[in-house]
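# Structural description and commentary
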Amino acid sequence: MSVENGIGAPVRRKEDQRFITGNGHYLDDMNKVGQAYGYFLRSPHAFAKIKGIDLNAAKAAPGVVDIFTGQDMVADGIGGLICGWGITSKDGTPHKAPPHNSLAVDAVRHVGDQVAFVVAETLQQAKDAAELIEVDYEPLTPVTNIAKALAPGAPQIHEEAPGNLCFDWELGDKAATDTAFAKAAHVTKLDLVNNRLSPNPMEPRAALGDYDAGTGELTLYTTSQNPHVARLIMSAFLAIAPENKLRVVAPDVGGGFGSKIFVYAEETTTIWAAKKVNRPVKWTSDRSEAFLTDAHGRDHVTHAELATDADGKILGFKVSTKANMGAYLSTFASAVPTYLYGTLLSGQYKIPSIYCEVQAGFTNTTAVDAYRGAGRPEATYVVERIMDTAARDLNMDPTEFRLKNFIPSDAYPYETPVIMTYDAGDYATAMNMAKDMIDYSGFTARKAKSEANGKLRGIGSAAYIEACGIAPSAAVGSLGAGVGLWESAEVRFNPTGSVTVFTGSHSHGQGHETTFAQIISDKLGVDINSVEVVHGDTDKVPFGMGTYGSRSLAVGGSAIVKAVDKIVEKSKKIAAHLMEASVEDIEHEHGVFSVAGTDKKLTMGEIAFAAYVPHNYPADLEPGMAENAFYDPLNFTFPAGTHIAEVEIDPATGVVEIVDWAAADDFGNIINPMIVEGQVHGGVAQGIGQALLEGVQYDEESGQLLTGSYMDYCMPRADNLPSFRIATTNTPCPSNPLGVKGCGEAGAIAAPAALMNAIVNAIGRDIDMPATPEKVWRAINTH
Amino acid sequence: MTTVSMTVNGKKVSADVAPNTLLVQFIRENLRLTGTHVGCDTSQCGACTVHVNGDSVKSCTMLALQAEGAEVKTIEGLAANGELHPMQAAFKENHGLQCGFCTPGMIMSAVDLVKRNPNPSEETIRTELEGNICRCTGYHNIVKSVKSAAENMGG
Ligand code: FES
Ligand code: FES
């Protein structure tokens, strides 16, 4: 028996109705009676001492309610922003965590750093008043480039971090890797830059703080991917209010891609100021502020070496990376270039020994943290670029070289030398599928045809793996995480048989209202339109960890399944009582409870009603039908697959045209294939953006952000992208009840390496991302 | 303050606004029609797209006063008599949206695109939508939505 709109059906999204009619409720759509507007005065300097701030003229400006500086917050006992993942350096010392005040106290360390917060009756008045604030800056020489920041003699950004070093971390077995290299027939070396990106969800961040002087309760409406974590940090570390007096609500959120995980200065200042002025205060970022302050992604400089034997088998892999953390450590910044990166350097391959070291440092730039993929795109980029380079060195077809080195499908569970245990996979099947989809063997003929037309043609693949379903709490705890990474759910039946599901996951485009409803519909036979999914409000849903790292279905969905199991268990007891049978004889399928071997049955709806109107009810059972569950995953999940890109390049202009894209992904079981495809499209588009178009640039001398708007930061637009060919394979994840793996980041992880491999294949030499026409043209035309 | 009057979604509206009020501000703040979004400050994302006298316009590039006497249509006015516009229906049917933030602007642009190109090719759709940024969908399903809507609209 299968259920309409159940697991596996491409159900059209429930949430769409409000979005396509303009009835979504994004943060800036909300207003409160008596609301004032907040505006941040930001540093025009990349690095400067603050010698004094004169607010007198500004405070007297029309409409000003109040103006706050960093000293005011410190005097009020408000703590600094934190980084929640501790990293231990090679020498055993903890990572350097310099203070990070929401509003600068004695120095500014990147352009856009918050200096003062103006609250006024209108936004225009707040902006006008900010112009009257006089800040006495003593400009210092900035450094924005990570290699330069870590070099001797660089400007010292934080006293607490000598030489600007945040940590110097290692993973893997250095001695074993050195030994492997000593035996190698061939060593391939590669230098790579992973460009800095600006996440750019289309909805800019915003915050609306509301204080109830009667109850002492503070409510922060904010653009967050994880409202409970925001509440925890603001309460436990910033001391804004006790957790029970602080409510955080994330309404419809217009995209996140990681950038809305973090607890930022603006949100914390806004909620704090709302209490200070005893009025609702709203702050909405404009796009320019978003470029200056939303945590950036990537920014690695890497040297990698791959050792192979005479037969083309990999013997060892060495990776040395410098990671730019920006001016301050953002909420999870330290985890990204370490445990989300080094642990994935085995890729899909059997590599006997791996050694990785990462030096992370501070620069006078915007903080860098998780951006779609977070560490895993960086790892895949290193692995998959060097796989292609090595294949070239060895005169092998890159896909053959990969196939030769894949972990075989009977080797699971497979322990890598970088502390991951892969649970299931079949890499060759996915790669062969992608090759078929793109007609890999026909490439030579297509290339000849392009050449006849004066064009260069290239093909490139990337066989990526990621660790999703973040994460087993004990595992991440032992690696330095300050939190557990379980998820919560409550499944609550109403007496009339409709269901409300409360989830600690948070949807900001992923379609949870539909996917989660499908699970309920499938398991409990409830019409999908009678299922409501509630998320994003700390007063409504049980404490949850939120959505990132492609974890919502594998972890949040599993929590729902656990709650459903409890519902079923209780329902069986009620059914047994009502049908005068023993519990052991009750069978359950999709919300129908029957007595084995008879035609007696009751539906879930009838049982729920009986639970709320318990006139005839088991004496030892509580009335009501609501269950909650917390699910802590047993392992990460390991989505993997192959993407192959084919490009044609005009040597006269350097313009890269993506002529074909084939993706074969193993996401395990799939609840809604339509949504999964959409996630892959979006991920690939962001990966293509990174490879071809995007890149945050700073002026090295002044530290000014050069790519501060859509005029200078090149976002992928409809005419930059092709349509994609997408297919899936399936090795179900053995560690969660749904057998699902996570699909949100795969595209962004696979795409940059596949596309750059295709470009390098076409032009015959290495270049760095983004492969702009100018760069490609120069690579082709300079010899 | 100056008085501005126009017809928005078929209703006559009028308000006193500062002369530098943008049309998008007038729509969002004065009329509280919050389906029209603001995604940038350089007139490049298209999240604010509405129709002014039947043509799509980025409402952040225009002063409210410039729309004096005009017929303005926003996403809230697109469905007629409780029936979704074929473009809205096509976005839902083809998963042409994820977070939904770009969607109102995207749909308003797409309606105008199909009006001018009743039977658009994929290339035309991609070129025409160049002024609307979507960070979520990779455009694949947006293109599919517009194509299918054009067919349903009798192109
Ligand atoms: S808000 Fe109008 S184009 Fe971006
Ligand atoms: S659907 Fe999110 S920006 Fe387009």
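Predicted model, so just to flag it, every value in this text is computed and none were measured.

## Observations concerning the interface of chain B and chain A
In this assembly, 43 residues from chain B lie in contact with 51 residues from chain A. Between chain B and chain A, the buried area comes to about 4100 Å², and carbon and sulfur atoms account for 54% of it. Counting across the interface, chain B meets chain A through 4 salt bridges. At the junction of chain B and chain A, the tally comes to 29 residue pairs in polar contact (both at pLDDT 80 or more). At the level of elements, α2 (86-93), α3 (103-116), α4 (122-128) and α5 (140-152) of chain B are the ones that each hand at least two residues to the side of chain B that touches chain A.

## Examining the environment of Pro417 of chain A
All names here are of chain A. Turning to its location among the elements, Pro417 is positioned in the loop between β16 (414-415) and β17 (421-422). Pro417 gets classed as partly exposed once you look at its relative accessible area, which sits at 24%. Taking the C-alpha atoms as reference, Pro417 lies 8.5 Å from Tyr355; in sequence the two are 62 residues apart. Discounting residues that sit within four places of it in the chain, Pro417 has contacts with Gly172, Ser346, Ile351, Pro352, Ser353 and Ile354.

## Side note on the confidence of the model for chain B
Close inspection of predicted coordinates is inappropriate for parts of the model with low pLDDT. Averaged over every residue, the pLDDT of chain B is 96; residues scoring 70 or more account for 99%. Of the two predicted TM-score estimates for the complex, the pTM is 0.96 and the ipTM is 0.97.

## A word on the packing of helix α10 (residues 376-393) of chain A against helix α19 (residues 746-763) of chain A
Residues and elements named next belong to chain A. Two elements in contact, α10 and α19, have axes separated by 8 Å at closest approach and are oriented at 30°. On the basis of the axis angle, α10 is roughly parallel to α19. Between α10 and α19 lies a crossing whose hand is right-handed. Contacts between α10 and α19 involve Arg376, Pro377, Thr380, Tyr381, Glu384, Arg385, Asp388 and Arg392 from the former and Ala748, Ile749, Pro752, Ala753, Met756, Asn757 and Val760 from the latter. Of the residues in the contact of α10 with α19, the class split is 8 nonpolar, 2 polar and 5 charged.

## Focus on the sheet that holds strand β6 (residues 134-139) of chain A
The sheet built from 3 strands is open, its strands ordered β4-β2-β6 (chain A) with antiparallel pairing. Each end of this open sheet is capped by a strand with a single partner; those strands are β4 (107-108) and β6 of chain A.

## Topic: the environment of Ala452 of chain A
In this fold, Ala452 of chain A is placed in helix α13 (residues 443-452). Considering only alpha carbons, one finds Ala452 of chain A and Asn405 of chain A, 47 residues apart in sequence, at a separation of 35 Å.

## Quick look at empty space enclosed by the protein
All names here are of chain A. Tallied over the full model, the rule gives 11 cavities of 30 Å³ or more. Along the wall of the largest cavity there are 19 residues; nearest its centre are His100, Tyr264, Ala265, Thr293 and Ala367. If you list the elements that add at least two residues to the lining of the largest cavity, you get α8 (265-277) and α9 (287-293). In terms of residue class, the lining of the largest cavity is made up of 10 nonpolar, 7 polar and 2 charged.

## Section: the nonpolar core
Residues Phe317, Trp661, Leu755 and Ile759 of chain A together with Val146 of chain B are the most contacted members of the largest nonpolar core, which totals 194 residues. The biggest single contributor to this core is α19 of chain A, with 12 residues. Apart from residues no more than four positions distant in its own chain, Ile759 of chain A is found in contact with Val647, Ile649, Val656, Leu692, Ile767 and Ala771 of chain A.

## Quick notes on helix α15 (residues 512-524) of chain A
Residue and element names in this part refer to chain A. The terminal C-alpha atoms of α15, which comprises 13 residues, lie 17 Å apart, in line with the 18 Å expected from a rise of 1.5 Å per residue. Within α15, 12 of the 13 residues are buried, which leaves it mostly tucked inside the rest of the structure. Along α15, the residues that are buried comprise His512, Glu513, Thr514, Thr515, Phe516, Ala517, Gln518, Ile519, Ile520, Ser521, Asp522 and Leu524. One or two steps after α15, the chain reaches Gly525, where phi turns positive at roughly 65°.

## Some details on the pattern of salt bridges
Counted by the stated rule, this structure contains 50 salt bridges over all chains. Across the salt bridge formed by Glu384 of chain A and Arg402 of chain A, the nearest N and O atoms sit 2.6 Å from each other. Here Arg402 of chain A lies in helix α11 (residues 398-405) and Glu384 of chain A lies in helix α10, a separation of 18 residues in the sequence. Take Glu384 of chain A and Arg402 of chain A: they sit in the same class, and that class is buried. Here Arg116 of chain B makes a salt bridge to Asp112 of chain B, at a shortest N to O gap of 3.2 Å. Linking Arg116 of chain B with Asp112 of chain B, this pair stays in helix α3, spanning 4 residues, or about one helical turn. Overall, the relative accessible area of 43% leaves Arg116 of chain B in the partly exposed class. Overlapping salt bridges, with partners in common, bring together Arg42, Arg205, Glu266, Glu267, Glu289 and Asp294 of chain A in one network.

The rules behind these values
- Within each chain, residue numbers correspond to sequence positions counted from 1 in written order.
- Key to labels: chains lettered from A, ligands numbered from 1, both in the order written.
- Selection of residues for local features in this predicted model requires a pLDDT of at least 70, selection of side-chain atom pairs for listing and counting requires 80 or more, and totals for whole chains, interfaces and linings are taken over all residues.
- As a rule here, side-chain values cover all heavy atoms of the structure and leave hydrogens and water aside.
- Every residue pair with non-hydrogen atoms within 4.5 Å of one another is taken to be in contact.
- We define buried area as the total accessible area lost by two parts upon association, computed with a 1.4 Å probe and summed across both.
- A pair is scored as a salt bridge if a Lys or Arg side-chain nitrogen falls within 4 Å of a carboxyl oxygen belonging to Asp or Glu.
- Side-chain atoms alone can form a polar contact between residues adjacent in sequence; in general such a contact is a pair of N or O atoms within 3.5 Å, and within protein one must be able to donate a hydrogen while the other accepts it.
- The numbering of helices and of strands both runs from the N terminus, where a helix is a DSSP run of H or I of at least 4 residues and a strand a run of E of at least 2.
- Relative accessibility thresholds used throughout: buried, under 20% of the residue-type maximum; exposed, over 50%; partly exposed, between the two (1.4 Å probe, protein chains only).
- Across the chain, each position has a pLDDT score giving the predictor's confidence in that residue, from 0 to 100.
- Note on definitions: angles span 0 to 180 degrees between N-to-C directions of axes, and those axes are lines fitted to C-alpha atoms, for helices only across the stretch in contact.
- Oblique is the label for every angle not falling under 35 degrees (roughly parallel), over 145 degrees (roughly antiparallel), or within 65 to 115 degrees (roughly perpendicular).
- Each crossing gets its handedness from the near helix: less than a right angle anticlockwise from the far helix is left-handed, clockwise is right-handed.
- Residues are grouped as follows: nonpolar covers Ala, Val, Leu, Ile, Met, Phe, Trp, Tyr, Cys and Pro; charged covers Asp, Glu, Lys and Arg; every other residue, Gly included, is treated as polar.
- Only strands joined by at least two bridges in the DSSP assignment are considered to pair.
- Using a grid of 1 Å spacing that covers the protein atoms alone, one calls a set of points a cavity when a 1.4 Å probe fits there but cannot get out, and a pocket when the set is open and has protein on both sides within 12 Å along at least five of seven lines; lining residues are those with an atom within 4 Å of a point.
- Grid points are joined across faces, edges and corners, and a volume is the space filled by probe spheres set on the points.
- Only buried residues count toward a nonpolar core. Its members are Ala, Val, Leu, Ile, Met, Phe, Trp, Tyr and Cys residues joined through side-chain atoms within 4.5 Å.
- The span expected for a helix works out to 1.5 Å for each residue beyond the first.

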